[in-house]
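Notes for the structure review
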Amino acid sequence: MRKQLTLLLMLLLSAGLSAQVAITGFVRDENTGEPLIGATIFVEETSEGTFTLLNGEFDMPVEAGDYTLRFSYIGYNSITKKVSVQGVKDMGTINLKNDAVGLNEVRIVADVAVGRETPVAVSTITPRQITEKLGNQEFPEIMKSTPSVYATKSGGGFGDSRINIRGFDARNTATLINGVPVNDMENGWVYWSNWAGLADVTRSIQIQRGLGASKLALPSLGGTINILTKTTDATKGGNLSFAAGNDAYTKYGATFSTGLSDKGWASSIALSKTTGDGYVDGTQFESYSYYISISKRLNANNSISLSIFGAPQEHGQRRTMQNIETYQNNKSGIKYNSDWGYKGGEIYYLNKNFYHKPQAILNYFWTINEKSNLMTAAYASIGEGGGTGGYGNTSKFSGDYLRDGQINYDRIVDENITLANAGAETIMRASMNNHAWYGILSNYQNDITEEIKLSAGIDGRYYKGEHYREVTDLLGGEFFIDDSDFNNSVKVVKPGDKIGYHNDGLVSWGGSYVTGEYISGNLSAFLSGSASIKSYKRIDYFNYFSDDLIDQINNNEDIRNQYEEAIGDEVDFNRAMEGRETDWQSFFGYVFKGGANYNITETMNVFLNTGYFERQPDFDAVFLNFVNNINEDAVNEKVLSFELGYGYQTKYIKAQANLYHTQWKDKTFTQSVPNPDDDGATFLNANILGVEAIHQGLEVEATIKPIPNLKIDVMASLGNWRWGNNVENVYLTDDNQNNIDTVNVLIKDVRVGDAAQTTLFIGASYELIPNLKVGMDLYHYDNIFASFDPTDRDEKSQVDGKNPDSWKLPNYQLLDANISYDFDFGNLKAILYGKFNNILDTEYVAEAQDGSNHDWDKARVYYGWGRSWSMGVKINF
């Protein structure tokens, strides 16, 4: 018995000793120090391995012996290390270097936030997440699992999606690609169809909520979407990809990189083609994308790179919202789209978008010495394209002219033919929005001491937008007579001729900034200030006479009488005599912000940021009613923001919670409203000044990894977004800015519409067997209120003397799934992936425009997509 007990004790002791033989350590990014979650540690001798946990830590039991370990992570260069293990071997920190030339420099230009250091609320999306979870969704939808984000497909056409952050739309959310701002210079919007191939070349996405980390004077009320694309791969290789999905979705792609040569040259190219019929009726699409990057290391301290990205595309659109009953009564249900029909037996679109917006960025990086560097980016973007629509008697595109709910183009053609010499009554046009945009960003950084870092830079931009309509199809007619050009008020036009309007919008921007950063021990802090001058000019070729014609009118009474009679309105004639070009209208704006992060322990940190900025009014707030009438009352919008956050991170859980409060003052609305004196035959201008709003809320997100093969993500955001005041005695003015009438805008305490104020998310991914991963994601959206026109909110709209909310959309839940499998394809690595969206086929209203009774039956809506899917394969070489 004693021998048996002795033997058992020896076995237990030996088991305990063998359990203590292990290799431990951390894997981090060489430049930022951030943990690389899910990095692979592979033992070449045993073909076994492990992954890093949420803090970058790994702990791999092995038997005593000598091993060769390979450390690898997507987007980073793999390294091998030899190690001899007799007990617990702590390898300390293993730093991996990213595999792209110039990426670290681009990260600095783009102001990428660093965890437990940069005091902002931030969520990061990796290339692996994009591959596994985007599928055939729109690019903004990959961000919907982050707090306070509401992304929808809008009308459902290819590239027509939109995104709101903390209740602010794209006009009030800054979007950067490699540090370069891409919000439209005139109205601040981001048109995602212009960036249709962006997912193919995106390396990471950071959603910096609130003021964000960018040094530029950006309109980041809601946040900053910071997109880093691939630069130039340092290693030779590439991939081929193919994907297919619902409604004939098909995508082909290829990338190739030369790798970094001995002489310092490297280049990469990515190409793709995407086609499909679209989930919504009449939204067929065809898109191409290309990305070219060339870099050269001039010497140890200087490098230069050039990247060119473009995505020419065209797609059918759904731009007409319908009431719920219309969808229910149509055979297509939620897919119904009234904006197309048949012409000669073939599909013909009322609204078709077509655009090509290539962008080129030239980067120069200069390491001056060990403590200072200079980075400069010069960029240019030339956009051409627009969208089609009806012109003339547009009532023929709706109502009784619809056949089975679709436009009867054959009937319109027949009627135009019968008009013969009188000219067509209804035609098709394209609204063209061409632009040329040039800019430069330059940032100088100096490490004054080990703790203090100073950055200063400039931001210059020049933009010219050309806006006009042109005839695209006479629909059976021989010509069309257009009276919109005062220089030729009876103009006979044919395809290619300009109609409707023709004007240029010029915008210039000059900005500079200074940022100081302090990092010492557990404390990091920053203080930043930036200033900018934004100037606008408008040139109108249709509503104003040319200089030569003005001279003729002034010198010839017969010509004057001719044009006075042709225009028929004294106000319009006098305005046309003022000349086409305005003076520059300039506005000064600035941003002050600061924040601090303190790491309480190795697992806990707190951060605080605050800021105040004044943002210049948009183009349409300066020039009223689509003519050169200058809004003398246009003022800057003022924004005050506070944010407090807490972070917690261990090897098994990574969590962050934050409270935010944003106060928006002097928001300007400019609206055209029907003139009550002539039953709406003319329009008056409503210039609504001094509108306030308050956006505040709580955000929580966490990643939990209780066991090696299981990862759980959770998110919750609870918002309270309301308009802050009523605006009384708003003047309605005519084109000569005479005060005709006044109205009251009663919106105090009304909830902000157009986005979900409550969002919840839980997702889980599990590795069933090595390299086979499955995932499920559940989303919940609530407190979504319909959009509404503030000028419609007067005493008549009140209920029991109170300002009512717009219609509250029903809450809804969506369940998505994904699967991926990494495998060897001969000597090559490959991945097979599938994405299944709304697998329960939930029917839900994603967007709505409020009706007169603030209820569902008068609202006009867009339904979200039902069930959709895509599957693909990518082979790396």
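This text goes with the structure placed above it.
Below is a summary of the structure that appears in this document. Computed from a prediction, not measured in an experiment: that's the story for all the values here.

1. Observations regarding the sheet that holds strand β2 (residues 40-43)
Within the open sheet, the 4 strands sit side by side as β3-β2-β5-β6. Their pairing is antiparallel. Either end of the sheet is taken by a strand with one partner, and the two such strands are β3 (48-51) and β6 (79-85). Each strand axis lies, on average, 25° off the axis of its neighbour in the sheet, ignoring direction. In terms of strand pairing, β2 meets strand β5 (residues 65-72) through 4 bridges, oriented antiparallel. When the bridges of β5 are listed, T40 appears paired with S72.

2. Quick notes on helix α6 (residues 409-419)
Three or more residues of α6 are buried, namely Y409, I412, V413 and N416. Looking straight down α6, one finds that the buried residues subtend no more than 100° of arc, so they occupy a single side. Once α6 ends, the next one or two residues include A420, with phi positive near 45°.

3. Section: the side chain of S193
Among the secondary structure elements, S193 is positioned in the loop between β13 (180-181) and α4 (198-201). Classification of S193 as buried rests on a relative accessible area of 5%. Setting aside its immediate chain neighbours within four residues, S193 contacts F158, G159, A311, Q313, H315 and N353.

4. Concerning empty space enclosed by the protein
On inspection of all chains with the given rule, the structure shows 9 cavities of 30 Å³ or more. Its boundaries defined by the atoms lining it, the second largest cavity holds a volume of some 200 Å³. Elements represented by at least two residues in the lining of the second largest cavity include exactly β10 (149-152) and β49 (812-825). Examining the composition of the lining of the second largest cavity, we find that 3 residues originate from one element, β49, more than from any other. Considering only residue class, the lining of the second largest cavity consists of 7 nonpolar, 7 polar and 4 charged.

5. Remarks on the side chain of S524
Following the sequence through the fold, S524 ends up in strand β35 (residues 523-540). Within polar-contact distance, the side chain of S524 engages the backbone oxygen of E117 at 2.6 Å. Not counting the four nearest positions on each side in its chain, S524 is found in contact with E117, Y518, I519, G595, A596 and N597.

6. A closer look at the nonpolar core
Y150, I688, W723, Y781, W807, V845 and V861 are the most contacted members of the largest nonpolar core, which totals 77 residues. The biggest single contributor to this core is strand β42 (residues 683-707), with 5 residues. The contacts of Y781, once residues within four sequence positions are left out, are K144, Y150, A756, T758, T759, N811, Y812 and L814. In this structure, F139, M143, I207 and Y291 belong to the second largest nonpolar core, which totals 26 residues.

7. Focus on helix α7 (residues 547-555)
Turning to α7, its buried residues number three or more, namely L549, I550 and I553. In a view along the axis of α7, the buried residues occupy a sector of 105°, so they form one face of it. Facing away from the buried side of α7, by more than 90 degrees, are the exposed residues D547, D548 and N555. Along its buried surface, α7 packs onto α8 (557-567) and α9 (570-576).

8. Some words on the packing of α7 against α8
Between α7 and α8, the least distance of the axes is 5 Å, while the angle of their chain directions is 115°. Taken together, α7 and α8 sit at an angle that is classed as roughly perpendicular. Counted together, L549, Q552, I553, N554 and N555 of α7 and E557, I559, R560 and Y563 of α8 form the full contact between these two elements. By residue class, the composition of the contact of α7 with α8 is 4 nonpolar, 3 polar and 2 charged.

9. Observations regarding unusual backbone geometry
Positive phi, normally seen in glycine, also occurs at S148, with a value near 60°. Along the chain, S148 turns up in the loop between α3 (127-133) and β10. For S148, a relative accessible area of 4% corresponds to the buried category. For H854, which is not glycine, the phi dihedral falls at a positive 55°.

10. Digging into the packing of aromatic side chains
Each pair of aromatic rings is reported with the distance of its centres and the angle of its planes. Within this structure, the stated rule accounts for 29 aromatic pairs. When the centroid spacing of 5.6 Å and the interplanar angle of 55° are considered together, the rings of Y590 and F592 count as tilted. Among the aromatic side chains, those forming a connected cluster through ring pairs are Y150, F761, Y779, Y781, Y812 and Y844. In this arrangement the basic side chain of K144 is found over the ring face of Y779, its NZ or CZ atom lying 4.8 Å from the centre. Sitting over the ring of W509, R461 keeps its end group 4.2 Å from the ring centre.

11. Quick look at the pattern of salt bridges
Counted according to the given criterion, the structure contains 35 salt bridges. With a closest N to O distance of 2.8 Å, E643 and R166 form a salt bridge. Placement of E643 in strand β40 (residues 637-649) and of R166 in the loop between β11 (162-165) and β12 (173-177) is noted, with a sequence separation of 477 residues between them. Residue R166 is classed as buried on the basis of its relative accessible area of 1%. The salt bridge partner of R461 is D459, with a shortest N-O separation of 2.8 Å. Note on R461: relative accessible area 10%, which makes it buried. What you see here is one network of salt bridges that share partners, running through R166, R209, E643, E699 and E701.

Cut-offs applied
Residues numbered from 1 in each chain as written. Predicted model: local features only at pLDDT ≥ 70, side-chain atom pairs only at ≥ 80, totals over all residues. Heavy atoms only, no water. Pairing = 2+ DSSP bridges. Helix = DSSP H or I, 4+ residues; strand = E, 2+ residues; numbered from the N terminus. Axes fitted to C-alpha atoms, helices over the stretch in contact; angles between N-to-C directions. Buried < 20%, exposed > 50% of the residue type's maximum accessible area, 1.4 Å probe, protein only. Arc of directions from axis to C-beta. Contact = heavy atoms within 4.5 Å. 1 Å grid on protein atoms, 1.4 Å probe; cavity = no way out; pocket = protein on both sides within 12 Å on 5 of 7 lines; lining within 4 Å. Points joined across faces, edges and corners; volume = space filled by probe spheres on them. Nonpolar A, V, L, I, M, F, W, Y, C, P; charged D, E, K, R; others polar. Polar contact = N/O pair within 3.5 Å; in protein donor to acceptor, adjacent residues only side chain to side chain. Core = buried A, V, L, I, M, F, W, Y, C linked by side-chain atoms within 4.5 Å. Parallel < 35°, antiparallel > 145°, perpendicular 65-115°, else oblique. Phe/Tyr/Trp six-rings, centres within 6.5 Å; stacked < 30°, edge-to-face > 60°. Lys NZ or Arg CZ within 6 Å of the ring centre and 35° of its normal. Salt bridge = Lys/Arg side-chain N within 4 Å of Asp/Glu carboxyl O.

None of the figures reported here should be taken as evidence of function without further support.
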